[in-house]
Amino acid sequence: MTAPTKPPQSHSTDAGCDAPLATPLQATVIDWFDENARDLPWRRPEAGPWGVMVSEFMLQQTPVNRVLPVYEQWLTRWPRPADLAKDAPGEAVRAWGRLGYPRRALRLHGAAVAIAERHGGDVPTDHAQLLALPGIGEYTAAAVASFAYGQRHPVLDTNVRRVLARAVTGVQYPPNATTAAERKLARALLPDDEGTAARWAAASMELGALVCTAKNESCHRCPITALCAWQLAGKPEHEGPPRRGQTYAGTDRQVRGKLLAVLRDAHAPVPQAALDRVWHEPVQRARALDGLVSDGLVEPLQGGMYRLPLS
């Protein structure tokens, strides 16, 4: 979701080569992207590789509209990895705010420290080096290499997987977890040209986010309706395991969020009594607090005091 909005080169036919750089499916989606891509700050040239990396951490399981203000504040405060690395990890958790899944903040801080120590403060260009950074998995490494450096890697997020499932496989939804077959298909669909491959990754992701959505898909606006296997098959209903939405109210996640909110708002250690007030059920509250401590998001101190981590 973080490629530049303007393509680095043509995706039609290279004048010095007989083979097209993209198939009709790819070229049509890329053309649509060139006309319809959202103007997002991490897609602008000034964002740089660090801005792309920050956005990829934040956008995991979090909508764009919630990410935008936090992203802007984050890059203003920490414009380079070394700037974040100098601060305590608890400050990253504090700045993460209510984006959810706050372990991502710790992982991003850990990646910034590693970049400062191992790579001279610059986000590495090599896919293997990206993958070796703490907190970075296959998706994030591929996304940064593709969107920040224009490299050729399959970038499989939920949106891309849904587009490929419908357009190529002819089913309504992909499996619950990414499969080897999906990875093989994504690799097979990658254009040979690096710049075109990076463009295809961003374009297919944007199509899934804006048009080929999980619910209420807008097939009438889709540029590849005539090529879509699911559409041509009559849009058969999903036949796999039931798709379950995530609940939040009353869960340990909600309790953890309430506890962290108290600690984020405080700039001094917080007593146990202040945390006890945020949730009425003591067993669940204690379990949530223990989980935060175990995850490194909260640091317990003597005398029943707690704070965000300093190291």
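What counts, and where the lines are drawn
- Residues numbered from 1 in each chain as written.
- Predicted model: local features only at pLDDT ≥ 70, side-chain atom pairs only at ≥ 80, totals over all residues.
- Heavy atoms only, no water.
- Helix = DSSP H or I, 4+ residues; strand = E, 2+ residues; numbered from the N terminus.
- Rg over C-alpha atoms; globule rule 2.2 N^0.38 Å.
- Buried < 20%, exposed > 50% of the residue type's maximum accessible area, 1.4 Å probe, protein only.
- Contact = heavy atoms within 4.5 Å.
- Areas by Shrake-Rupley, 256 points an atom, 1.4 Å probe, with all protein chains shown as cover.
- Lys, Arg positive; Asp, Glu negative; His and termini not counted.
- Charge placed at Lys NZ, Arg CZ, Asp CG, Glu CD.
- Domains from an automatic or database assignment.
- Axes fitted to C-alpha atoms, helices over the stretch in contact; angles between N-to-C directions.
- Parallel < 35°, antiparallel > 145°, perpendicular 65-115°, else oblique.
- Left-handed = near helix turned anticlockwise from the far one by under 90°.
- Nonpolar A, V, L, I, M, F, W, Y, C, P; charged D, E, K, R; others polar.

**Focus: the overall build of the chain**
A count of helices and strands for the chain gives 15 helices and three strands. The C-alpha atoms of the chain give a radius of gyration of 22 Å, which matches the 19 Å a tight globule of 311 residues would have. The burial tally for the chain puts 46% of its 311 residues in the buried class. In the chain, of all internal contacts separated by at least 6 residues, the share reaching a separation of at least 24 is 64%. A total accessible area of about 15,100 Å² is found for the chain, and carbon and sulfur atoms account for 53% of it. Taking the average location of the 35 positive side-chain charges in the chain and that of its 32 negative ones, the two points are 7 Å from each other.

**Examining the domain arrangement of the chain**
Taken domain by domain, the chain comprises domain 1 (24–38 + 154–232), domain 2 (41–149) and domain 3 (252–301). For domain 1 and domain 3, the distance between their C-alpha centroids amounts to 41 Å.

**Some words on the packing of helix H13 (residues 252–265) against helix H15 (residues 282–294)**
Relative to each other, H13 and H15 sit at 70°, their axes nearing to 9 Å. Judged by the inter-axis angle, H13 sits roughly perpendicular to H15. The crossing of H13 and H15 is right-handed. Taking contact as the criterion, the partners of Asp252, Val255, Arg256, Leu259 and Leu260 in H13 are, on H15, Gln284, Arg285, Arg287, Ala288, Leu289, Gly291 and Leu292. Per-class residue counts for the contact of H13 with H15 are six nonpolar, two polar and four charged.

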